[in-house]
Amino acid sequence: MTEALPLLWAGAAGVLLGLLFFGGLWWTLRRGLASQRAALWFFGSLVLRTGLVLAGFYLVFDGQWQRLLACVLGFTLARLLVTRLTRPPAASQSRTGSASHAP
C-alpha cells in the first residue's frame, strides 16, 4: 500500500498539471481571439504553460519512471475532462424530412 501512495500523488499532480495546461489553453483561446495582439497571447501562453508542465513533470519524476507514467496518465485524464467540460453545446437539429436546399 505504501508503494502505491507516491504513484497516486504523481497521478494527482498530473491531473493538476493537465488542468492548468488545458484550462490555460481554453482561457487563452477565449482571450486571444478577442485581442488585438493575439500572437502575443498565444506565444506567451504556450511558453508559460509548457514551462510549468515540464517543470512539474521533472519534479514529480524524481528519477522514477513509474511516477512519470502516473503523472502523464493523470495529465491525459485532465485533457479528457477539460475537453468535455469546455465543449460548446450541441446545436439542436430537427429532422422533419424536408430538404433544406434548393432543388
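No experiment lies behind these values; they were computed from the predicted model shown.

Looking at the packing of helix α1 (residues 4-33) against helix α2 (residues 38-61)
For any two helices packed against each other, one specifies the inter-axial angle together with the distance between the axes. Running from N to C, α1 and α2 point in directions that differ by 175°, and their axes come no closer than 9 Å. Between α1 and α2, the angle is such that the two are roughly antiparallel. Across the interface between the two elements, Ala10, Ala13, Leu17, Phe21, Gly24, Leu25, Trp27, Thr28, Leu29, Arg31, Gly32 and Leu33 of α1 pack against Ala38, Trp41, Phe42, Ser45, Arg49, Thr50, Leu52, Val53, Gly56, Phe57 and Val60 of α2. Split into classes, the residues belonging to the contact of α1 with α2 amount to 15 nonpolar, 6 polar and 2 charged.

Thoughts on the packing of aromatic side chains
Under the counting rule described, the total for this entry stands at 5 aromatic pairs. Both rings, one in phenylalanine 21 and one in phenylalanine 22, keep their centres 4.9 Å apart while their planes meet at 80°; by these two values the pair is edge-to-face. Using a relative accessible area of 16% as the deciding quantity, one classes phenylalanine 21 as buried. Take phenylalanine 22: its relative accessible area is 14%, and that puts it in the buried class. A centroid spacing of 5.4 Å and a plane angle of 70° characterise the contact between tryptophan 27 and tryptophan 41, whose relative ring orientation is edge-to-face.

Things to note about the pattern of salt bridges
One pass over the structure, following the stated rule, counts 1 salt bridge. Ionic pairing is found between aspartate 62 and arginine 67, a salt bridge with its closest N-O pair at 3.3 Å.

Looking at α1
The terminal C-alpha atoms of α1 lie 43 Å apart, and with 30 residues this matches the ideal 44 Å at 1.5 Å per residue to within 8%. Listing the buried residues of α1 in full gives Ala10, Gly11, Gly14, Leu17, Gly18, Phe21, Phe22, Gly24, Thr28 and Gly32.

Examining a nonpolar patch on the surface
A surface patch of nonpolar side chains, amounting to about 380 Å² of accessible area, comprises Leu5, Leu8 and Trp9. Looking at where leucine 8 falls in the secondary structure, it is placed in helix α1.

So, the environment of threonine 28
Tracing the sequence through the fold places threonine 28 in helix α1. With residues up to four places along the chain from it excluded, the contact list for threonine 28 reads Leu33, Trp41, Phe42 and Ser45.

What counts, and where the lines are drawn
Think of each chain on its own: its residues are numbered from 1, step by step along the sequence as written. A pLDDT threshold of at least 70 governs which residues receive local features in this predicted model, and a stricter bar of 80 or more applies before side-chain atom pairs are shown or counted, although totals over entire chains, interfaces and linings include all residues. Hydrogens and waters are ignored; side-chain quantities use all the structure's heavy atoms. Fitted lines through C-alpha atoms give the axes, limited to the stretch in contact for helices. The angle between two N-to-C directions lies from 0 to 180 degrees. Runs of E in the DSSP output that reach at least two residues are strands. Runs of H or I that reach at least four are helices, and both are numbered from the N terminus. Angle categories: roughly parallel below 35 degrees, roughly antiparallel above 145, roughly perpendicular from 65 to 115, and oblique for all the rest. The contact criterion used throughout is that any non-hydrogen atoms of two residues lie within 4.5 Å. Classification convention: Asp, Glu, Lys, Arg as charged; Ala, Val, Leu, Ile, Met, Phe, Trp, Tyr, Cys, Pro as nonpolar; all other residues, Gly among them, as polar. A pair of Phe, Tyr and Trp rings is counted when the ring centres sit within 6.5 Å of each other, with Trp represented by its six-membered ring. The angle between the planes then sorts it: under 30 degrees is stacked, over 60 is edge-to-face, the rest tilted. Residue exposure (1.4 Å probe, protein chains only): buried if accessible area is under 20% of the type maximum, exposed if over 50%, otherwise partly exposed. What counts as a salt bridge is simple: a side-chain nitrogen of Lys or Arg found within 4 Å of a carboxyl oxygen of Asp or Glu. Expected span of a helix, by definition, is 1.5 Å for each gap between consecutive residues, and there is one gap fewer than residues. Patches in this entry comprise residues that are over 30% relatively accessible and not in a salt bridge; like charges within 9 Å are linked, as are nonpolar side chains (Val, Leu, Ile, Met, Phe, Trp, Tyr) within 5 Å. Using a 1.4 Å probe, accessible areas were evaluated by the Shrake-Rupley method; residue-level cover was limited to the displayed protein chains.

By themselves, these observations are geometric and do not establish any function.
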